[in-house]
Amino acid sequence: MPGMDSNPYRVKIAPSILSADFARLGEQVAAAERGGADAIHVDVMDGRFVPNITIGPLVVEAVRRVTALPLHVHLMIEEPARYVQDFIGAGADMLVVHLEGNWTLHRLIESIREAGARPGLALNPSTSLSLVDEILPYVDLVLVMTVDPGFGGQKFIPTMYDKVRRLRQMALSLGLAELDVEVDGGVNATTARSLTEAGANVLVAGAAVFAAGRPVEEAIATLRAAATGLPAVDSTRDSD
Ligand code: DX5
Ligand code: ZN
């Protein structure tokens, strides 16, 4: 039926501050909040797990002070267990750790929950879903990387639509209807709709929100409209 949303989940948008103007980070996060963002995505990179170096707990703490939105911290670092307490202490609501290189995931995931945050699991594009079924019941979210991690503004890998579809099916067949399926990398108004149709319900977007050449609020409204197949509504006008 036209206009009917085939994805039964409410689509959530998590802008990645990696593409924000760091000299005006507080303002940019506030604009994302006004624009109807559901969470703020923070990309932590150590120059080892990925080639880039970005953000540490200090910046998470600063973002925590300027927003009430949940902070999702995506750890692209070696030995993430060493930093669980630091990032949760800085105000992270969710810690997303990669499967790659972490072979004692039950311990790592449990330590995140015990420290008071929600655990998420990230998968690189080339990582097979056959590696995740045992850990799936223990996480709140699976982040499907739709580019190789390391940088914002990269090109979406088209075979990831089908990976998202298979992950959603796997979750449903395991009775995990509440699992959040998140996509990260090259998400924009062109790729968003097929991603939500495939079963993604959380969209991370960096360049499409903070480097779109238009106000952040407008960029989020455009992305949400594309993702849901509904007309764009500027959420900033609702409060007037
Ligand atoms: C990439 C990061 C992403 C990145 C997405 O390694 O995990 O969160 O910021 O950026 P865009 O949306 O620009 O591809
Ligand atoms: Zn990310």
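Residues numbered from 1 in each chain as written. Chains lettered and ligands numbered in written order. Predicted model: local features only at pLDDT ≥ 70, side-chain atom pairs only at ≥ 80, totals over all residues. Heavy atoms only, no water.

1. Side note on the nonpolar core
In step 1: Core analysis: the biggest nonpolar cluster contains 66 residues, and Ile17, Ile40, Val73, Leu95 and Leu136 have the highest contact counts within it.
In step 2: When residues in this core are grouped by element, the largest group, five residues, is from helix α5 (residues 160–173).
In step 3: Among residues more than four places away in sequence, those in contact with Val73 are Val42, Val44, Val60, Phe87, Ala92, Met94, Leu95 and Val96.
In step 4: Among the nonpolar cores identified, the runner-up in size contains 11 residues, and Ala39, Leu141, Val202 and Val204 belong to it. (Core = buried A, V, L, I, M, F, W, Y, C linked by side-chain atoms within 4.5 Å. Buried < 20%, exposed > 50% of the residue type's maximum accessible area, 1.4 Å probe, protein only. Helix = DSSP H or I, 4+ residues; strand = E, 2+ residues; numbered from the N terminus. Contact = heavy atoms within 4.5 Å.)

2. A word on the sheet that holds strand β1 (residues 12–15)
What links the strands of a sheet is backbone hydrogen bonding, and the strands pair in either a parallel or an antiparallel sense.
In step 1: Across the sheet, which stays open at both edges, the eight strands sit in the order β1-β8-β7-β6-β5-β4-β3-β2 with parallel pairing between neighbours. Both edges of this open sheet fall to β1 and β2 (40–45), since each of them pairs with a single strand only. Direction aside, neighbouring strands of the sheet carry axes that sit 25° apart on average.
In step 2: Where β1 lies against strand β8 (residues 202–205), four bridges are found, and the strand directions are parallel. (Pairing = 2+ DSSP bridges. Axes fitted to C-alpha atoms, helices over the stretch in contact; angles between N-to-C directions.)

3. With respect to the layout of surface pockets
In step 1: Approximately 290 Å³ is the volume attributed to the largest pocket.
In step 2: Lining the largest pocket are 27 residues, with Gly152, Gly153, Asp184, Gly185 and Gly186 sitting closest to its centre.
In step 3: Of all the secondary-structure elements, those providing two or more residues to the lining of the largest pocket are β2, β3 (71–76), β8 and α7 (207–210).
In step 4: Taken together, the residues that form the lining of the largest pocket break down as 13 nonpolar, 12 polar and two charged. (1 Å grid on protein atoms, 1.4 Å probe; cavity = no way out; pocket = protein on both sides within 12 Å on 5 of 7 lines; lining within 4 Å. Points joined across faces, edges and corners; volume = space filled by probe spheres on them. Nonpolar A, V, L, I, M, F, W, Y, C, P; charged D, E, K, R; others polar.)

4. A few points about the coordination of the zinc ion (ligand 2)
In step 1: Protein-derived coordination of the zinc ion (ligand 2) comes from His41 (NE2), Asp43 (OD), His74 (ND1) and Asp184 (OD), at a distance range of 2.0 to 2.3 Å.
In step 2: Written as a sequence motif, the donor residues of the zinc ion (ligand 2) are H-x1-D-x30-H-x109-D.
In step 3: We classify Asp43 as buried; its relative accessible area is 4%. (Donors = N, O, S within 2.8 Å, 3.2 Å for Na, K, Ca; no water.)

5. Let's talk about the environment of Lys163
In step 1: Looking at the secondary structure, you find Lys163 in helix α5.
In step 2: With 39 residues separating them along the chain, Lys163 and Val202 place their C-alpha atoms 15 Å apart.
In step 3: Residues in contact with Lys163, not counting those within four places in the same chain, are Leu123, Asn124, Pro125, Thr127, Leu129 and Val144.

6. Re the site of ligand 1
In step 1: The full set close to ligand 1 counts 20 residues, and Asp43, Gly150, Asp184, Gly186 and Gly206 are the nearest of them.
In step 2: His41 places a polar side-chain atom, nitrogen or oxygen, 3.4 Å from an oxygen atom of ligand 1.
In step 3: Gly206 is positioned such that a nitrogen or oxygen atom in its backbone is 2.8 Å from an oxygen atom of ligand 1.
In step 4: Given that more than half its atoms are within 2 Å of the pocket grid, ligand 1 belongs to the largest pocket.
In step 5: Those elements giving two or more residues to the shell around ligand 1 turn out to be β2, β3 and β8.
In step 6: Broken down by element, the residue count for the shell around ligand 1 peaks at three residues, all from β2.
In step 7: Taken together, the residues that form the shell around ligand 1 break down as nine nonpolar, nine polar and two charged. (Near = heavy atom within 4 Å. Polar contact = N/O pair within 3.5 Å; in protein donor to acceptor, adjacent residues only side chain to side chain. Sits in = over half its atoms within 2 Å of the grid points.)

7. Looking at the pattern of salt bridges
In step 1: Taken as a whole and assessed by the stated rule, the structure comprises 14 salt bridges.
In step 2: In this structure, the salt-bridge partner of Arg34 is Glu217, at a minimum N-O distance of 2.8 Å. With Arg34 in helix α1 (residues 25–34) and Glu217 in helix α8 (residues 216–228), this residue pair connects regions lying 183 residues apart in the sequence.
In step 3: Note on Glu217: relative accessible area 14%, which makes it buried. (Salt bridge = Lys/Arg side-chain N within 4 Å of Asp/Glu carboxyl O.)

8. Regarding the pairing of strand β7 (residues 180–184)
In step 1: The buried fraction of β7 amounts to five of the five residues, a majority that puts the element mostly inside the structure.
In step 2: Neither face of β7 is left uncovered, since the one carrying Asp180, Glu182 and Asp184 and the one carrying Val181 and Val183 both have all their residues buried.
In step 3: Across five bridges, the pairing between strand β6 (residues 141–145) and β7 is parallel. Each residue of the ladder has a partner; that of Leu143, found in β7, is Glu182.

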